[in-house]
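# Observations on the model geometry
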Amino acid sequence: MMKIFVCGVLLLVSVGAFATAPHVNDGILVDEHGMTLYVFDGAGSPDTQSCEGDCARNFPPAMSQPGDKAIGRLSLIPPTGNSARQWAYEGKRLYHGAMDKKPGDTHGDGLNTVWHAVRPK
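Below is a short write-up of the structure. Quick caveat: nothing in here was measured; it's all calculated off a predicted structure. (Residues numbered from 1 in each chain as written. Predicted model: local features only at pLDDT ≥ 70, side-chain atom pairs only at ≥ 80, totals over all residues. Heavy atoms only, no water.)

Quick look at the side chain of Asp100 now. Secondary-structure assignment places Asp100 in the loop between strand E7 (95-96) and strand E8 (115-117). The charged side chain of Asp100 is buried without a salt bridge, its nearest counter-charge being Lys101 at 8.2 Å. Here the side chain of Asp100 touches His107 through a polar contact of 2.8 Å, landing on its backbone nitrogen. (Helix = DSSP H or I, 4+ residues; strand = E, 2+ residues; numbered from the N terminus. Buried < 20%, exposed > 50% of the residue type's maximum accessible area, 1.4 Å probe, protein only. Lys, Arg positive; Asp, Glu negative; His and termini not counted. Salt bridge = Lys/Arg side-chain N within 4 Å of Asp/Glu carboxyl O. Polar contact = N/O pair within 3.5 Å; in protein donor to acceptor, adjacent residues only side chain to side chain.)

Looking now at the sheet that holds E8. Taken together, the 3 strands give an open sheet; going across it, the order is E7-E3-E8, and neighbouring strands pair in antiparallel fashion. Lying at the two open borders of the sheet, with one neighbouring strand each, are E7 and E8. Bridge analysis of strand E3 (residues 37-40) against E7 gives 2 bridges, and the strand direction is antiparallel. Counterpart to Tyr38 in the pairing with E7 is Tyr95. (Pairing = 2+ DSSP bridges.)

Let's shift gears to the sheet that holds strand E6 (residues 92-93). Sheet architecture is open: 3 strands sit in the order E4-E5-E6, paired in antiparallel fashion. Where the open sheet ends on each side, the last strands, each with one partner, are strand E4 (74-77) and E6. One ladder, built from 2 bridges, connects strand E5 (residues 86-89) with E6; its direction is antiparallel. The residue bridging Ala88 from the neighbouring strand is Arg93, located in E6.

According to the stated counting rule, one finds 4 aromatic pairs in the structure shown. Geometrically, the ring pair formed by Phe59 and Trp115 is stacked, given 3.8 Å between the ring centres and 0° between the ring planes. Placement of the pair is Phe59 in the loop between helix H3 (55-58) and E4 and Trp115 in strand E8, with a sequence separation of 56 residues. By relative accessible area, which is 2% here, Phe59 ends up buried. Judged by relative accessible area, Trp115 falls into the buried class, the value being 0%. These aromatic residues form a ring-pair network of at least three members: Tyr38, Phe40, Phe59, Tyr95 and Trp115. (Phe/Tyr/Trp six-rings, centres within 6.5 Å; stacked < 30°, edge-to-face > 60°.)

Structural data, given as structure tokens:
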């Protein structure tokens, strides 16, 4: 039983270490799980009004993994309080939308006119 547990943990660690950078799927920028990534287009930083409550819960930042590298229009922004870096597209920080439940969902797109799914041209 312990051998199975250890193998499972090693598999999870190795999968996390090789996460892919955000990429385009069906015209929308998505994370390694196919979940839509969003940018905040409001003035200043996201706040409780633009996020409809707790921003960290409703629009968590798309954080990089150790060893991730910037590519093309994707960059890595320095941390804002923890040690990980956040993905950015054309200099705008990327976020997940907690309201999206499966790959391809875009329920946060247009929310409060300040949240937008990234559609690279």
